[in-house]
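Residue strings, one per chain:
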Amino acid sequence: MAEAQSPNLIGRWNVEITFANEEHRTLRFEAQGAGKGIFELVDPRAKVWGAATPSEAKWSRGEGNAVTFSGPVEFLLGNVGRDAGTLVCKGKLETPDLITGEVEFSPLVGERPSKHGTFKATRAGG
């Protein structure tokens, strides 16, 4: 009755996002049990706004090593505004400590199109 042990997603991940327009964003994703998680924006400019506010995220495993995690985020726009929307990362667990894949950010306000790009998530030590 031995089953192949699939890599565990639970833990903290450093997520680096590159959108098609070469815009780079970094956030921390903490995967918890029962498909729950937390997104926390990592942006040096966030100090202007005080500490970054974590938001609830969710995650799921698909066939093979497919992984999806998503939730609401607010990216900073310059030093004057925020771009609120939903971030969806669809990727593959390449190794127990690396996820790569595609990302989509759908803005909540305005008639702007979604942003697409790629992401790389590495397991945070400690």
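This is a predicted model, so every value here is computed, not measured.

How each quantity is defined
Residues numbered from 1 in each chain as written. Predicted model: local features only at pLDDT ≥ 70, side-chain atom pairs only at ≥ 80, totals over all residues. Heavy atoms only, no water. Salt bridge = Lys/Arg side-chain N within 4 Å of Asp/Glu carboxyl O. Buried < 20%, exposed > 50% of the residue type's maximum accessible area, 1.4 Å probe, protein only. Helix = DSSP H or I, 4+ residues; strand = E, 2+ residues; numbered from the N terminus. Contact = heavy atoms within 4.5 Å. Core = buried A, V, L, I, M, F, W, Y, C linked by side-chain atoms within 4.5 Å. Pairing = 2+ DSSP bridges.

**Overview of the pattern of salt bridges**
Thinking step 1. On inspection of all chains with the given rule, the structure shows seven salt bridges.
Thinking step 2. Here Glu23 and Arg25 are joined by a salt bridge, their closest N and O atoms 2.7 Å apart. Comparing Glu23 with Arg25 shows no difference in burial state: the two are buried.
Thinking step 3. The partner of Arg82 in a salt bridge is Glu74, and the shortest N-O contact between them spans 2.9 Å.
Thinking step 4. Its relative accessible area of 38% is what places Glu74 among the partly exposed residues.
Thinking step 5. Linked through salt bridges whose partners overlap, the residues forming this network are Glu23, Arg25, Asp83, Arg112 and Lys115.

**Notes on the side chain of Ser70**
Thinking step 1. The topology assignment puts Ser70 in strand S5 (residues 66-77).
Thinking step 2. Note on Ser70: relative accessible area 13%, which makes it buried.
Thinking step 3. For Ser70, the residues in contact, after removing those within four places along its chain, are Phe39, Ala57, Lys58, Leu87 and Val88.

**Details of the nonpolar core**
Thinking step 1. Ranked by internal contacts, the top residues of the largest apolar core, which has 24 residues, are Val15, Phe29, Phe69, Leu87 and Phe119.
Thinking step 2. Of all the secondary-structure elements, those providing two or more residues to this core are strand S1 (11-19), strand S2 (24-31), strand S3 (36-41), strand S4 (55-61), S5, strand S6 (81-95), strand S7 (98-107) and strand S8 (115-123).
Thinking step 3. Look past the residues within four positions of Phe29 in its chain and what remains in contact with it is Gly11, Arg12, Trp13, Val15, Gly37, Ile38, Phe39, Ala57, Trp59 and Phe69.

**Concerning the pairing of S7**
Thinking step 1. Pairing of S6 with S7 involves ten bridges; the strand directions are antiparallel. Across the sheet, Gly85 pairs through a bridge with Pro107, a residue of S7.
Thinking step 2. From the end of S6 to the start of S7, which pair antiparallel, there are two residues.
Thinking step 3. Pairing between S7 and S8: eight bridges, direction antiparallel. From the neighbouring strand, Val103 faces S8, where its bridge partner is Gly117.

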